[in-house]
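Survey of secondary and tertiary structure
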Amino acid sequence: MSDAFAREPRWDPRLFPPATRAPRAVQTARMLLDPQGYARSLRRRLGPVFSLRTFPYRGALVCAADAAANRVVLTDHERFTGGDAAALLAPAVGAGSLICTPPPLHLAHRKLLLPPFHGVRVARWAPRVRELVHTGLPALLSGDGVPVRPWAQRLTLDVILRVVFGLTDPARVATFRHALNAFVGMGNLAVLFLPEPLRRDLGPLSPGGRFHRLRATVVDLTREEIAARRAAPDRAHRDDVLSMLLDARDEHGAGLDDAQLLDELTGLVLAGYETTATTIAWTLHLLAHHPAARDDLIADLDAGSDRLLKATVKESGRLRPAVYNAMRTAAHDTELGGHPVPRHAFVAALFPLTHLDPGRWPDPDAFRPERHLGADPVPYSLTPFGGGVRRCIGVSLAQLEIETVLRELLAAAVPEPAGPLEPARLVSVMLVPARGGRVRLRARRPHGCPGRPPAPGSWSPPL
Ligand code: HEM
């Protein structure tokens with residue numbers, strides 16, 4: 001058990017924000033079955049700051065569900081710190097990855113990792129991303145009633161392998177893809193949420209054993225890439241993240257050793273591809289189910305504008321944020337929204353609730369991209385990428401990928417419903433469409449024709 005879980009205070013209703021009396025098993029099951037509906041019902045009954053008593057927490061997860069509480073959790077780093085709070089994910093992403101690194105080391109590592117993900121640098125990847133989207137598009141267009149998420153996972157994995165490792169050899173990409181799909185697929189990551197004894201490696205057939213073996217394959221492949229790149233004579237001229245990190249130094253001249261690099265790279269790959277694929281799937285699924293918004297977007301894109309494109313991605317991230325929450329721990333006994341929060345308690349900013357706050361978002365359940373065309377939203381009422389010093393470092397890359405897919409796909413086809421609007425399911429920390437985000441794609445022009453040519457400067461880094 002990690003230190004964060006060992007330190008977690010036990011449940012005491014006097015020390016935590018309000019909770020329901022439902023047993024922990026019932027709360028866990030309801031969250032898994034209907035993560036949005038159940039959390040919303042708790043918010044209605046208990047207010048914008050409440051306690052959720054689910055496994056694997058022994059105490060309770062303190063939840064922030066409106067913009068005011070969201071802002072405090074994400075930005076008051078003296079009271080709510082990150083890193084340890086992600087202890088649950090450490091066995092998957094690596095305890096030394098940025099996601100799991102507490103302050104003060106977090107800031108030093110973040111400074112080393114940020115340059116390759118800066119918007120201007122990411123913009124240089126645009127032609128390669130477009131090329132990968134074009135290569136993948138026929139597979140999507142040839143299906144009838146296809147789930148978008150698996151298709152998008154393949155695409156975003158190819159992108160992240162190129163960006164992070166500079167991989168271009170199809171055989172090597174396929175080896176990585178196979179290893180990562182096995183590791184994150186088939187419910188393997190559910191092991192993270194099992195009680196500690198069941199997470200242990202009790203042989204190859206045990207869930208813990210399977211998890212550790214599949215992760216070891218991913219780690220071995222990453223280790224091979226690091227060794228090969230250290231020996232590569234052309235390293236200084238390469239633009240992938242690994243090459244840049246090998247030579248990156250902080251202000252004291254310190255860089256990352258191989259163990260740190262291994263965790264950082266594994267963390268980047270795992271944080272970067274499923275999240276982006278899930279957002280692509282939700283956006284296309286939502287467009288298919290909202291024909292007026294879809295047709296407006298297609299007309300706007302055809303006219304050479306990307307105003308509605310950016311608004312659509314925001315609206316999809318509002319209604320169906322791919323990442324359910326951002327996690328922190330309370331640095332000391334404190335309060336949130338007028339309720340006590342004990343030291344070391346786990347605290348979650350619940351994006352799906354903040355994003356549906358009727359006080360901030362009129363008619364919150366409606367999919368209306370145009371609501372983002374006017375004034376900026378109230379700060380911290382829309383945070384699909386988190387916020388504060390731990391805000392997602394992959395925002396620019398994710399937006400480049402999502403916008404490129406939408407632009408290219410909508411030039412070639414019109415997404416239509418292939419069944420009812422899918423409910424959201426919680427898979428580790430992600431909110432995914434229950435059936436993969438199925439859409440039917442009606443061709444606008446014969447397959448194989450190039451999509452809409454990119455308007456000059458059509459992808460610009462977000463501010
Ligand atoms: C649509 C796609 C994505 C979404 C919705 C998303 C969302 C998030 C969220 C909510 C956080 C937590 C922020 C916080 O704690 O305040 C996060 C952190 C992070 N993300 Fe992303 N992400 C996406 C894509 C990416 C990509 C493409 C990469 C990199 C290749 C990436 C790398 C990271 C890293 C390294 C962190 C940890 C940052 C830190 O702790 O300092 N993400 N992301």
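Residues numbered from 1 in each chain as written. Predicted model: local features only at pLDDT ≥ 70, side-chain atom pairs only at ≥ 80, totals over all residues. Heavy atoms only, no water.

Two elements in contact, helix H10 (residues 170-184) and helix H12 (residues 207-230), have axes separated by 9 Å at closest approach and are oriented at 155 degrees. As summarised for this structure, H10 and H12 are arranged roughly antiparallel, according to the angle between their axes. The chirality of how H10 crosses H12 is left-handed. Taken together, the residues of H12 that come into contact with H10 (itself represented by Arg172, Thr175, Phe176, Ala179, Leu180, Ala182 and Phe183) are Arg210, Phe211, Leu214, Arg215, Thr217, Val218, Leu221, Thr222, Glu224 and Glu225. (Axes fitted to C-alpha atoms, helices over the stretch in contact; angles between N-to-C directions. Helix = DSSP H or I, 4+ residues; strand = E, 2+ residues; numbered from the N terminus. Parallel < 35°, antiparallel > 145°, perpendicular 65-115°, else oblique. Left-handed = near helix turned anticlockwise from the far one by under 90°. Contact = heavy atoms within 4.5 Å.)

Right, let's talk about the nonpolar core for a bit. Counting 92 residues, the largest nonpolar core has Phe165, Leu180 and Phe183 as the members making the most contacts within it. In terms of residue count, the dominant contributor to this core is helix H14 (residues 258-289) (14 residues). Sequence-distant contacts of Leu180, that is, excluding residues within four places in its chain, are made with Leu157, Leu161, Gly185, Val218, Val269, Leu270 and Tyr273. Counting 26 residues, the second-largest nonpolar core is a separate cluster that includes Ala4, Phe5, Ala348 and Leu353. (Core = buried A, V, L, I, M, F, W, Y, C linked by side-chain atoms within 4.5 Å. Buried < 20%, exposed > 50% of the residue type's maximum accessible area, 1.4 Å probe, protein only.)

Residues in a regular strand project their side chains so that they alternate between the two faces of the sheet. In terms of strand pairing, strand S4 (residues 146-147) meets strand S12 (residues 438-443) through two bridges, oriented antiparallel. Directly across from Pro147, in S12, lies its bridge partner Arg438. Examined bridge by bridge, strand S9 (residues 413-417) and S12 share five bridges and lie antiparallel to one another. The residue bridging Pro415 from the neighbouring strand is Leu441, located in S12. (Pairing = 2+ DSSP bridges.)

The next thing to look at is the coordination of the iron atom of the ligand. Only one protein atom coordinates the iron atom of the ligand: Cys392 (SG), located 2.3 Å from the metal. Relative to the helices and strands, Cys392 is located in the loop between helix H17 (351-354) and helix H18 (395-412). (Donors = N, O, S within 2.8 Å, 3.2 Å for Na, K, Ca; no water.)

Another aspect to go through is unusual backbone geometry. Of the consecutive residues Phe55 and Pro56, the connecting peptide bond is found in the cis state with omega at 5 degrees. Relative to the helices and strands, Pro56 is located in the loop between strand S1 (49-52) and strand S2 (61-64). Cis rather than trans, the peptide bond between Pro103 and Pro104 has omega equal to 5 degrees. Turning to its location among the elements, Pro104 is positioned in the loop between helix H5 (90-93) and helix H6 (105-113). One non-glycine residue, His344, lies in positive phi territory at about 70 degrees. Among the structural elements, His344 can be located in the loop between strand S7 (339-341) and strand S8 (346-350). A positive phi is found at Tyr380, a non-glycine position, where the angle reads about 65 degrees. Mapping Tyr380 onto the fold places it in the loop between H17 and H18.

Another point: the packing of helix H16 (residues 307-319) against H18. Packed helices, taken two at a time, are described by the angle their axes make and the gap between the axes. Where H16 meets H18, the axes come as close as 11 Å, and the angle between the chain directions of the two elements is 120 degrees. On the basis of the axis angle, H16 is oblique to H18. Like other packed secondary-structure pairs, H16 and H18 cross with a definite hand, here right-handed. Here Leu309, Lys310 and Val313 of H16 come into contact with H18, specifically with Ile402, Glu403, Leu406 and Arg407. Split into classes, the residues belonging to the contact of H16 with H18 amount to four nonpolar, no polar and three charged. (Nonpolar A, V, L, I, M, F, W, Y, C, P; charged D, E, K, R; others polar.)

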